[in-house]
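# Residue-level structural notes
One-letter residues, chain by chain:
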Amino acid sequence: MPRKSPLSSRSTVIAGNWKMYKTIDEAKAFVETLAPLIEKSQATVYLAVPFTAIHATAQLVKALDAPIVIGAQNMNDATEGAFTGEIAARMLKDAGAQFVILGHSERRHIFNESNDFINKKVKRALEDAIQPILCIGETLTQREEGETEAVLREQLLGSLEGVSSDALLKMLVAYEPVWAIGTGKVAHPDDAQAAHAHVRGVLAENWGDEVANQIVIQYGGSVKPDNAADLLSKPDVDGLLVGGASLSADSFSKIINGSKA
Ligand code: 13P
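For the structure given in this document, a descriptive report is provided here.

Conventions and cut-offs
Residues numbered from 1 in each chain as written. Predicted model: local features only at pLDDT ≥ 70, side-chain atom pairs only at ≥ 80, totals over all residues. Heavy atoms only, no water. Helix = DSSP H or I, 4+ residues; strand = E, 2+ residues; numbered from the N terminus. Polar contact = N/O pair within 3.5 Å; in protein donor to acceptor, adjacent residues only side chain to side chain. Contact = heavy atoms within 4.5 Å. Phe/Tyr/Trp six-rings, centres within 6.5 Å; stacked < 30°, edge-to-face > 60°. Buried < 20%, exposed > 50% of the residue type's maximum accessible area, 1.4 Å probe, protein only. Lys NZ or Arg CZ within 6 Å of the ring centre and 35° of its normal. Salt bridge = Lys/Arg side-chain N within 4 Å of Asp/Glu carboxyl O. Pairing = 2+ DSSP bridges. Axes fitted to C-alpha atoms, helices over the stretch in contact; angles between N-to-C directions.

Here we take up the side chain of N17. Examined against the element boundaries, N17 turns out to sit in strand 1 (residues 13-17). Within the structure, N17 has its side chain in polar contact with the backbone nitrogen of K19 (distance 3.0 Å). If sequence neighbours within four positions are ignored, N17 has contacts with A48, Q73, I101, H104, L241, V242, G243 and S246.

Set out below in structure tokens:
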């Protein structure tokens, strides 16, 4: 099993996922408040805002020279076409998004997205040079039935089918147990570590140790300022994907400032 070595180049990536919250004005006010609070942080900070706020926040981040990378929360796998209500990778990039969350459990469970569809989106994002954060995670029933490792393997291999090692190195993976999302029930750091080590092991088996050792694997699910550091202290937890606690600049900055580079 590959382990984080002292030579590992994995940096800490703290991402906020705003989901369907904040208007353009609210998003801009948030960025203005957050930027000075995280000036000294060594972590890389990502913010996945609603589609409508991408352009304004990307412009603002540039104007403020703020250490925040703006991204999106979903996209379609086609380059363009008659897909009412959908959005293409190149449109996201055009608006200023540098990354996109794909396969989030809310997309998988509420909107019935399959590994196959997510795989197509991952490939499109990579082809159109927007960085995917691929989310995977088991439900409570799957965990209780001892299926966690098998589910993570299936989601990983299904969503990453046909992705080359070079392309994989451009991505992030987020382990988000469904039972921990929005519930206040954070995974125990040891359980998060076990899942992350398993994910890295599956990546190593299929893409080699060297590649697996370089991939940033984030944990997501009820991350708060008071549990973030314990999660990040685990060797295979390289970052966090934060939902509710990223909506307030106060709590998000505390999570960011509590983390190491
Ligand atoms: P919460 O932090 O609100 O549990 O959400 C996690 C999440 O879904 C991030 O993508």
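This next bit is on the packing of aromatic side chains. According to the stated counting rule, one finds three aromatic pairs in the structure shown. Pairing W18 with F30 gives two aromatic rings, centres 4.8 Å apart and planes at 85°, and the pair type is edge-to-face. Of this pair, W18 sits in the loop between strand 1 and helix 1 (24-37) while F30 sits in helix 1; the two residues are twelve residues apart in sequence, bridging distant segments of the chain. There is no split in this pair, since W18 and F30 are both buried. Its guanidinium or amino end placed over the ring of W18, K22 lies 5.2 Å from that ring's centre, counting from NZ or CZ. When the ring centre of F111 is taken as origin, the NZ or CZ atom of R107, which lies over that ring, is 4.2 Å away.

Turning to the pattern of salt bridges, a few remarks are in order. It is possible for side chains bearing opposite charge to pair when their charged atoms get close. A complete count under the given rule lists 15 salt bridges for this structure. Where R143 meets E138, a salt bridge forms, and the shortest distance between an N and an O atom there is 2.7 Å. For R143, a relative accessible area of 26% puts it in the partly exposed group. Overall, E138 belongs to the buried group, its relative accessible area being 0%. Between E205 and R153 there is a salt bridge, with the nearest N and O atoms lying 2.9 Å from each other. With E205 in helix 9 (residues 189-207) and R153 in helix 7 (residues 148-159), this pair connects stretches of sequence that are 52 residues apart.

As for its placement among the helices and strands, S251 is situated in helix 12 (residues 249-257). A polar side-chain atom of S251 sits 2.7 Å from the main-chain carbonyl oxygen of A245. Apart from residues lying up to four places away in sequence, S251 is in contact with P225 and A245.

Paired through their backbone hydrogen bonds, the strands of a sheet run either parallel or antiparallel. Strand order in the closed barrel made by the eight strands is 1-2-3-4-5-6-7-8, with parallel pairing throughout. Adjacent strand axes in the sheet meet at a mean angle of 25°, parallel and antiparallel pairs treated alike. Two elements, strand 1 and strand 8 (residues 239-242), share four bridges in a ladder whose sense is parallel. Across the sheet, V13 pairs through a bridge with G239, a residue of strand 8. Its contacts with the sheet place helix 9 against strand 5 (131-136), strand 6 (172-175) and strand 7 (216-220), and it is angled at close to 145° to strand 7. Here helix 12 sits on the sheet and contacts strand 1, strand 2 (44-48) and strand 8; the angle it forms with strand 1, its principal contact strand, is near 165°.

Taken by themselves, the reported measurements are silent on function.
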